[in-house]
Amino acid sequence: MNTFADPRLILSESELDLGLELVLLAETAIWNAVDAALESEPRGLGRSHWRAAFLIRRRPGVGVKEIARLTALTKQAASRTLADLEAHGLSEKVPGELDARRRPARLTAAGLAFEARVGERLRGLIAMAYRDGGLDGVAAGRRILASLAGPRLTARREEP
């Protein structure tokens, strides 16, 4: 529970439905931007590949288990996604720092470029939304999204 929650904030079902509608529409806009960017990428690369590449860039040292946990993919689907990235030369497995048996993924230069090309459109969308929201809206929007992300936001490393 958020200890900073204002007990005076009581939202009607209609207001909550509007919030849910906006989240769903925002999700559609985000995935449409990803799909448009992926059209110029090699065949076989989809949303899960970009999502994994983004998370590998943002969270160095992630592996199959953490990608699965963060994206709600099964471990098998996360493993396939990472194998596809490796087959396209976009990622590579490296020995773990503490446990050499653990082989987290790392983006190659081509993988970083792939993530940047696709992510550029999304960063543009986010920047526009933040500008529309104003200075106060940026922090408030981040707090709302962080609350929705829940424990996925703070999950940083896979357990051995």
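The structure reproduced in this document is the subject of the present report.

Remarks on the overall build of the protein chain
No. 1: A tally of helices and strands in the protein chain yields six helices and two strands.
No. 2: Going residue by residue from the N terminus, the α and β elements of the protein chain occur as α-α-α-α-β-β-α-α.
No. 3: A buried classification covers 29% of the 160 residues belonging to the protein chain.
No. 4: Taking all contacts inside the protein chain whose residues are at least 6 apart in sequence as the whole, residues at least 24 apart take part in 56%.
No. 5: If you sum the accessible surface of the protein chain, you get close to 11100 Å²; carbon and sulfur atoms cover 59% of it.

So, the pattern of salt bridges
No. 1: Going through the model one piece at a time under the given rule, you end up with seven salt bridges.
No. 2: Measuring nitrogen to oxygen at the nearest pair gives 2.7 Å for the salt bridge that ties Glu 115 to Arg 57. With Glu 115 in helix α5 (residues 109-149) and Arg 57 in helix α2 (residues 47-58), the pair connects residues that are 58 residues apart, well separated along the chain.
No. 3: Note on Glu 115: relative accessible area 1%, which makes it buried.
No. 4: Each member of the salt-bridge network shares a partner with another, and the members are Arg 57, Glu 115 and Arg 123.

A look at the environment of Val 64
No. 1: Checked against the element boundaries, Val 64 lands in helix α3 (residues 64-71).
No. 2: Among the residues examined, Val 64 registers a relative accessible area of 28% and is labelled partly exposed.
No. 3: Measuring from C-alpha to C-alpha, the distance between Val 64 and Ala 77 comes to 9.1 Å, with 13 residues separating the pair along the chain.

Focus: the nonpolar core
No. 1: By size, the foremost hydrophobic cluster in this structure holds 24 residues, and its most contacted members are Ile 56, Ile 67 and Phe 114.
No. 2: Looking at this core, the elements that each hand over two or more residues are α1 (13-38), α2, α3, α4 (75-87), β2 (105-107) and α5.
No. 3: If we ignore the near neighbours within four places in the chain, the residues touching Ile 67 are Ala 52, Leu 55, Ile 56, Val 62, Ala 78 and Leu 82.

Description of α3
Helical geometry: 3.6 residues make up each α-helical turn, so side chains three or four residues apart lie on a common side.
No. 1: Three or more residues of α3 are buried, namely Glu 66, Ile 67, Ala 68, Leu 70 and Thr 71.
No. 2: Looking at the buried positions of α3, the neighbouring elements they touch are α2, α4 and α6 (151-154).
No. 3: With its phi angle positive at about 65 degrees, Ala 72 sits one or two positions after the end of α3.

Description of the packing of α2 against α3
How two helices sit against one another is set out by the angle between their axes and by the gap between those axes.
No. 1: Two elements in contact, α2 and α3, have axes separated by 11 Å at closest approach and are oriented at 115 degrees. Viewed along their axes, α2 and α3 adopt a mutual orientation that is roughly perpendicular. Along this stretch, α2 crosses α3, giving a crossing that reads as right-handed. Each of Arg 51, Ala 52, Leu 55 and Ile 56 in α2 lies in contact with α3, whose residues at this interface are Ile 67, Leu 70 and Thr 71.

What to know about the side chain of Ser 91
No. 1: With respect to the helices and strands, Ser 91 occurs in strand β1 (residues 91-93).
No. 2: Here the side chain of Ser 91 touches Glu 86 through a polar contact of 3.4 Å, landing on its backbone nitrogen.
No. 3: Once residues within four sequence positions are removed from consideration, Ser 91 is found in contact with Leu 82, Leu 85, Glu 86, Arg 106, Leu 107 and Thr 108.

Section: α5
No. 1: End to end, α5 covers just 29 Å across 41 residues, shorter than the expected 60 Å (1.5 Å per residue, more than 12% under).
No. 2: In α5, a bend of some 120 degrees at Gly 134 exceeds every other bend along the element.
No. 3: Burial in α5 covers these residues: Gly 111, Phe 114, Glu 115, Val 118, Gly 119, Leu 122 and Val 138.
No. 4: Taken together, the buried residues of α5 touch α1, α2, α4 and β2.

The rules behind these values
Residues numbered from 1 in each chain as written. Predicted model: local features only at pLDDT ≥ 70, side-chain atom pairs only at ≥ 80, totals over all residues. Heavy atoms only, no water. Helix = DSSP H or I, 4+ residues; strand = E, 2+ residues; numbered from the N terminus. Buried < 20%, exposed > 50% of the residue type's maximum accessible area, 1.4 Å probe, protein only. Contact = heavy atoms within 4.5 Å. Areas by Shrake-Rupley, 256 points an atom, 1.4 Å probe, with all protein chains shown as cover. Salt bridge = Lys/Arg side-chain N within 4 Å of Asp/Glu carboxyl O. Core = buried A, V, L, I, M, F, W, Y, C linked by side-chain atoms within 4.5 Å. Axes fitted to C-alpha atoms, helices over the stretch in contact; angles between N-to-C directions. Parallel < 35°, antiparallel > 145°, perpendicular 65-115°, else oblique. Left-handed = near helix turned anticlockwise from the far one by under 90°. Polar contact = N/O pair within 3.5 Å; in protein donor to acceptor, adjacent residues only side chain to side chain. Expected span 1.5 Å × (residues − 1). Bend = angle between axes of the 7 residues up to and from the residue.

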